[in-house]
Amino acid sequence: MPPPPQHDPIITLATHLIKSTTTTTYLPKARQIHALILTSIPIYSQTPFVYNHVISMCVRSGSLSDARKVFDKMPVRNVVSYNSMIAAYAKENGCVGLGFEVVKEMMRWDGIRPNGVTFTSLLRGVSSVRDRVLGMCVHGMVVKFGLFCDAWVNTALLGLYSSVGDMESAEGLFTSLEFGDDVSWNCMLSGYLKNGRMREGLCLFIEMVKSGVVPTEFTYSMVFNACARLGDHACGRVIHGWVVVSGVPVDLPLQNSLLDMYSSCGDTKAAFTVFRGIENPDLVSCNSMLSGCAERGSGELAMRLYVQLLRTSVDAPDEYTFAALISAVGELPFAMYGEPLHAQVVKFDCVQSVFVGSPLISLYFMNQRSEYAERVFYFMSTKDLVLWTEMITGYSKMGDGENAVKYYSNMRQEGHRLDGFVISSVLNACADLATPKQGEMIHCQAIKVGCIEEMPVSGSLIDMYAKNGDLHAARSVFSMVSNPDLKCWNSMIGGYSHHGKAEVALDLFNNLVSRGLKPDNVTFISLLTACSHCGLISEGKYLWSYMKENEVAVGPQHYSCMVSSLSRAGLVEEAEKLINESPFENSRVELWRTLLSSSVASKNLAVGVRSAEHILKCNPDDSATHMLLSNLYAVTGRWNSMLEIRKRVRGLMLEKDPGLSWIEITTGLNVFSSGDQSHSRTGDVEAVLEWLQANMVLGSNQDEFAANTESCIYRHATMIIV
């Protein structure tokens, strides 16, 4: 049958109908047009051209099944018909296999040869499912059909290998291209960025410029993204200069990427300059600025930007806006910023977003408001691993280890996958709780899920065992770490220091330095504490000099350790001089109190009185200082002054809070407080104390001890059961 003439009015009508609805996404309307075509056009004039438009219209309207029905009923198909169906299947999730079936039909039944568009669609579908083996098969078909010189096919192949992480194959293919255009260069650059190879991406950009290919605005956007992720401010500024000199059209996405680069690199001034130069900033622009403020802790600046966003932008804040904003205001007064922000989150209906929930929970914990953090957590309909981890970490940092372990158990019951971060957090809680059995169980779970070799987990394990007194287990974990980081070394040094093994801690410190690691302020807190408790004055002075020479940040705790060490050694004048040199005004009271206590022991009246004067200037009713001063007068023979101080102390009528202690045994956690007789097994505890006192009797009283031993055996056995 000869083809209909091009001026046929029916064909012209059908074409006009289809072209007029090429942007429709409404399926019923598409079906009406299809019905009109079927009834208006005689069967002899239904060409593939008309059917191809109908297929595209059905796909665009979201009905792949309707498109397939039209395709199956076509009297005549051409390569465009097949390519339309293959492209539709490639875009649809889980339908890539059906696209390959269409290719088989194309060659087997109609004898139509696939072209570049066919393989481009197939490769995009394979890239979406990230199937490397299937992609290599398509690559083989490309070579077989002689389409290896097709620019679009090669670009799709580069995208495929990049999506599956096979950058070696992508590099080989890219090198084989004789004349790569900007599209292929951009595709290769995008692959490096997707796979986290930022430096190689920047090197490729330089090669692109050297080869004479002109970068596009999309190229520069990717390069600025790489500089932002690397924090390479210098490189970003140079490339910004290239953009200005080259005269490339600067669109909004390029301005946003430039803004993100400066914000991520901490250049607030340049970021604001770029932001003010954007004629119509969108929500992405504002979110980039807010993220930069959050990273630098500029909460007030972030709030001003948010207010400006509400006044000028037509876009409502989204979950990313609030996530950045809440993270930025963490250090600001909670009542003025935190609570109003939570109200804004509720107002803009972002309260169910996990991106907002996580920083909001962290904000409440940071301000010691765990009950509100719990409300946010339980209000979330979907609780992911990040939210559970925030609850565990929050309670652990607050010192509420029991709740941290409780949430960890609940998370396990919910079936969430464990990772190194959550295990590290709950191990920190076990370390503070002094519950070694719970810690050992979590150690087993870390081995089971395969994260035992992660450095944060190893560091937390060492810290947990060391704080619970099991230095052998801590050293075993430490020895299994192939290349321990500073946290592992600090945990091990802290464990030995805490248990009075200063010499071993100092040996570890020397090993740490010999390995090229730089000790931090935490390292020296542990070491100075150990030297103070063990009376190693010369070693403590050496460490103090080491900190000064190597520009380690000296904090209030370091001064406290050093003052304590000097005071215990009787070097109260040196300690007094060190306190006067301390730049931390707020912590000086405790330093003076330490010096006053040591002055009592060394009977140094002058230094002791000066120390007491400094303390009483800040708090005239400090009963502890009055008692120490009274003791100082007593040991130096100043009885009248002592009596006067004691009369003043009786008038203050101040009391101390009772001390607490606890121990974990088989039946659970047992808590004791000073002067409290409410524990159910108090009698058994007292019996064991009597037995221990009997063991301390000197040789002259051993006969009396033997007479009482038999009566204490039963009490001892009872205490063991407790």
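Below is a summary of the structure that appears in this document. All figures in this text were calculated on a predicted structure; none of them were measured in a lab.

1. Overview of the layout of surface pockets
As a volume, the largest pocket reaches approximately 570 Å³. Looking at the largest pocket, it is lined by 24 residues, and the ones nearest its centre are Asn 428, Asp 463, Lys 467, Ser 491 and Val 522. Elements supplying a minimum of two residues to the lining of the largest pocket: α23 (385-397), α25 (420-433), α27 (455-467), α29 (486-498) and α31 (521-534). For the lining of the largest pocket, the element with the most residues is α29, which contributes 7 residues. Split into classes, the residues belonging to the lining of the largest pocket amount to 6 nonpolar, 12 polar and 6 charged.

2. Side note on the pattern of salt bridges
Following the criterion strictly, the structure yields 15 salt bridges and no others. The partner of Arg 197 in a salt bridge is Glu 200, with the nearest N and O atoms 2.6 Å apart. Judged by relative accessible area, which is 35%, Glu 200 ranks as partly exposed. Put simply, Asp 432 and Lys 467 hold a salt bridge, and the shortest N to O gap is 3.5 Å. Of the two residues, Asp 432 is situated in helix α25 and Lys 467 in helix α27; the sequence distance between them amounts to 35 residues.

3. Quick word on the packing of helix α15 (residues 252-264) against helix α16 (residues 268-277)
Put simply, α15 and α16 touch, their axes get as near as 8 Å, and they point 160° apart. Regarding the angle of α15 to α16, the classification is roughly antiparallel. As α15 packs across α16, the resulting crossing turns out to be left-handed. Residues Gln 255, Leu 258, Leu 259, Tyr 262 and Ser 263 of α15 touch α16, and the partners they reach there are Ala 270, Ala 271, Val 274, Phe 275 and Gly 277. Looking at side-chain class alone, the contact of α15 with α16 contains 7 nonpolar, 3 polar and no charged residues.

4. A short note on the side chain of His 558
Its place among the elements puts His 558 in helix α33 (residues 556-568). Excluding its chain neighbours within four sequence positions, the residues that come into contact with His 558 are Asn 521, Phe 524, Ile 525, Leu 528, Trp 544, Met 547 and Ala 553.

5. Description of the packing of aromatic side chains
Tallying each qualifying case throughout the model produces 24 aromatic pairs. A centroid spacing of 5.2 Å and a plane angle of 80° characterise the contact between Phe 71 and Tyr 82, whose relative ring orientation is edge-to-face. Here Phe 71 is found in helix α4 (residues 64-72), whereas its partner Tyr 82 is found in helix α5 (residues 79-91), with 11 residues between them in sequence. One exposure class covers both Phe 71 and Tyr 82, and it is buried. Aromatic side chains Phe 377 and Tyr 378 sit 5.2 Å apart centroid to centroid with 80° between the ring planes, which places their arrangement in the edge-to-face category. Between Arg 77 and the ring centre of Phe 71, over which it is positioned, the NZ or CZ distance is 4.5 Å. Its end group placed over the ring of Phe 377, Lys 383 keeps NZ or CZ at 5.5 Å from the ring centre.

6. Observations regarding unusual backbone geometry
Look at Arg 130: it is not a glycine, yet its phi comes out positive at around 55°. Structurally, the position occupied by Arg 130 is in the loop between α7 (116-129) and α8 (132-144). The backbone phi angle of Glu 551 is positive, close to 55°, even though this residue is not glycine. Inspection of the secondary structure puts Glu 551 in the loop between α32 (537-549) and α33. Residue classification places Glu 551 among the exposed positions, given a relative accessible area of 72%.

What counts and what doesn't
- Residues numbered from 1 in each chain as written.
- Predicted model: local features only at pLDDT ≥ 70, side-chain atom pairs only at ≥ 80, totals over all residues.
- Heavy atoms only, no water.
- 1 Å grid on protein atoms, 1.4 Å probe; cavity = no way out; pocket = protein on both sides within 12 Å on 5 of 7 lines; lining within 4 Å.
- Points joined across faces, edges and corners; volume = space filled by probe spheres on them.
- Helix = DSSP H or I, 4+ residues; strand = E, 2+ residues; numbered from the N terminus.
- Nonpolar A, V, L, I, M, F, W, Y, C, P; charged D, E, K, R; others polar.
- Salt bridge = Lys/Arg side-chain N within 4 Å of Asp/Glu carboxyl O.
- Buried < 20%, exposed > 50% of the residue type's maximum accessible area, 1.4 Å probe, protein only.
- Axes fitted to C-alpha atoms, helices over the stretch in contact; angles between N-to-C directions.
- Parallel < 35°, antiparallel > 145°, perpendicular 65-115°, else oblique.
- Left-handed = near helix turned anticlockwise from the far one by under 90°.
- Contact = heavy atoms within 4.5 Å.
- Phe/Tyr/Trp six-rings, centres within 6.5 Å; stacked < 30°, edge-to-face > 60°.
- Lys NZ or Arg CZ within 6 Å of the ring centre and 35° of its normal.

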